[in-house]
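Fold and geometry: a report
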Amino acid sequence: MMERPDAVAVVSQMTSVYEEPGIAFEFPAFPAAPREMPAVVLQAGAFSSSAHYGGSMMIRKSACEWGSSLRMTASFEDDLMGFHAWLQGNIYEMPGISLYYYRFALKNICAVNSAFRFADMRTAAAFEKRELEMKSQLKKSKEAGLELCGELLEGLAPVFRSREELLAEMEERRKIIDSIDRQQNWWSYPFRRRWALRRPGWMGIVHCLPQKLYLFCMVFFFKLRKVKRAVCGARQDLE
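All of these numbers come straight from a predicted model, not from anything done at the bench.

Conventions used here
- Residues numbered from 1 in each chain as written.
- Predicted model: local features only at pLDDT ≥ 70, side-chain atom pairs only at ≥ 80, totals over all residues.
- Heavy atoms only, no water.
- Helix = DSSP H or I, 4+ residues; strand = E, 2+ residues; numbered from the N terminus.
- Contact = heavy atoms within 4.5 Å.
- Areas by Shrake-Rupley, 256 points an atom, 1.4 Å probe, with all protein chains shown as cover.
- Lys, Arg positive; Asp, Glu negative; His and termini not counted.
- Charge placed at Lys NZ, Arg CZ, Asp CG, Glu CD.
- Pairing = 2+ DSSP bridges.
- Axes fitted to C-alpha atoms, helices over the stretch in contact; angles between N-to-C directions.
- Salt bridge = Lys/Arg side-chain N within 4 Å of Asp/Glu carboxyl O.
- Buried < 20%, exposed > 50% of the residue type's maximum accessible area, 1.4 Å probe, protein only.
- Patch = residues over 30% accessible without salt bridge, like charges linked within 9 Å, V, L, I, M, F, W, Y side chains within 5 Å.
- Parallel < 35°, antiparallel > 145°, perpendicular 65-115°, else oblique.
- Left-handed = near helix turned anticlockwise from the far one by under 90°.
- Nonpolar A, V, L, I, M, F, W, Y, C, P; charged D, E, K, R; others polar.
- Expected span 1.5 Å × (residues − 1).
- Arc of directions from axis to C-beta.

Considerations on the overall build of the protein chain
Along the backbone of the protein chain there are seven helices and four strands. Helices and strands in the protein chain line up, N terminus first, as β-β-β-α-β-α-α-α-α-α-α. Across the protein chain, contacts joining residues at least 24 apart in sequence account for 71% of those joining residues at least 6 apart. When the accessible surface of the protein chain is summed, it comes to about 15,200 Å², and 57% of that surface belongs to carbon and sulfur atoms. Seen as two clouds, the 33 positive and the 28 negative side-chain charges of the protein chain have centres 8 Å apart.

Okay, structure coming up:
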């Protein structure tokens, strides 16, 4: 990366690891270092159109000296930090290598094992409320970046990005904000509108049900899956 002075950040891939209830958690051993230099690819398009995970993004120190120009939110500060870096230069990705383990655990803000979430009706309802709060914080982050793009378009400060790139970023952020608004208002929509906006697959169909019935179906599904796994495990032990 020293050969790329335009690079302000490098993003590696992420490996998900899951915490299981009642089992002491240990991170897997890191894989051996690759013998050959990993491929490095320039990320194209709007910043918000790519999946950026804070822990997997390495930001050049000079790109972190933003002073008071960057709005910061209580959560998703990694989104704003990476976005501010994008405004100052290019972000490169290593598509063939993971340098980051992301643990899905009970206390995570936005990445929890579904088996935890739908353990029973009480936890399902609690996580539903928690997800709405998380989405509100993400919306604030996207709105902060949207406002900053608008100010930059007015020529208040020089940036690395072109006018067209800033406009594309603003459009992408508006799409995300609209999507969050739909999620926050989902249960107040009539059934016909939920059906029209449903995701593909059986999960999308179940999500069209009234909220309590949806949570009941999800809890029942994960309890049934737990029983199935226990039965399959018992059969393997007998064999």
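Considerations on the pairing of strand S4 (residues 90-104)
Sheet analysis places strand S1 (residues 7-18) next to S4, joined by eleven bridges and oriented parallel. Paired with Ser-12 across the bridge in S4 is Met-94. Bridge analysis of strand S2 (residues 41-42) against S4 gives two bridges, and the strand direction is antiparallel. Along S4, the bridge assignment pairs Val-41 with Glu-93.

A word on the sheet that holds strand S3 (residues 57-59)
The four strands lie next to each other as S2-S4-S1-S3, forming an open sheet whose pairing is mixed. The open sheet has two free edges, formed respectively by S2 and S3, since each of these has just one partner strand. The strands touched by helix H1 (residues 77-88) are S1, S3 and S4; relative to S3, the strand with the most contacts, the crossing angle is about 55 degrees.

Remarks on the pattern of salt bridges
According to the stated counting rule, one finds eight salt bridges in the structure shown. A salt bridge links Glu-131 to Arg-117; the nearest nitrogen and oxygen atoms lie 2.7 Å apart. Residue Glu-131 is located in helix H3 (residues 121-153), and its partner Arg-117 is located in helix H2 (residues 114-117); the two are separated by 14 residues in the primary sequence. Since its relative accessible area comes to 27%, Glu-131 is described here as partly exposed.

Considering a nonpolar patch on the surface
A cluster of nonpolar side chains, namely Met-121, Leu-213, Phe-216, Phe-220 and Leu-224, defines an oily patch on the protein surface of about 500 Å² accessible area. Top contributing element to the nonpolar patch by residue count: helix H7 (residues 211-238), with four residues. Relative to the helices and strands, Phe-220 resides in helix H7. Taking relative accessible area as the criterion, Phe-220 reaches 51% and is therefore assigned exposed.

Considerations on the packing of H1 against helix H4 (residues 163-184)
Packed helices, taken two at a time, are described by the angle their axes make and the gap between the axes. In the contact formed by H1 and H4, the axes pass within 12 Å of each other and the chain directions differ by 160 degrees. In terms of axis orientation, H1 runs roughly antiparallel to H4. Considering the relative orientation of H1 and H4, their crossing is right-handed. Within the contact between the two elements, H1 uses Asp-79, Phe-83, Trp-86 and Leu-87 and H4 uses Glu-165, Leu-166, Glu-169 and Arg-173. Grouping the constituent residues of the contact of H1 with H4 by class yields four nonpolar, no polar and four charged.

Section: the environment of Gly-96
Counting through the fold element by element, Gly-96 comes out in strand S4. Classification of Gly-96 as exposed rests on a relative accessible area of 74%. Distance from Gly-96 to Pro-38, taken between C-alpha atoms, is 6.8 Å for residues 58 residues apart in sequence.

What about the pairing of S1?
Where S1 meets S3, three bridges bridge the pair, whose relative direction is antiparallel. Across the sheet, the residue bridging to Ala-9 is Ile-59, located in S3.

Things to note about H4
A rise of 1.5 Å per residue sets the reference length of H4, with its 22 residues, at 32 Å; its end C-alpha atoms lie 32 Å apart and thus fit the reference within 8%. Burial in H4 covers these residues: Leu-166, Glu-169, Met-170, Arg-173, Ile-176, Ile-177 and Ile-180. Looking down the long axis of H4, one finds its buried residues gathered within 125 degrees of arc, a one-sided arrangement. Tucked inside the fold, the buried residues of H4 contact H1 and H3.

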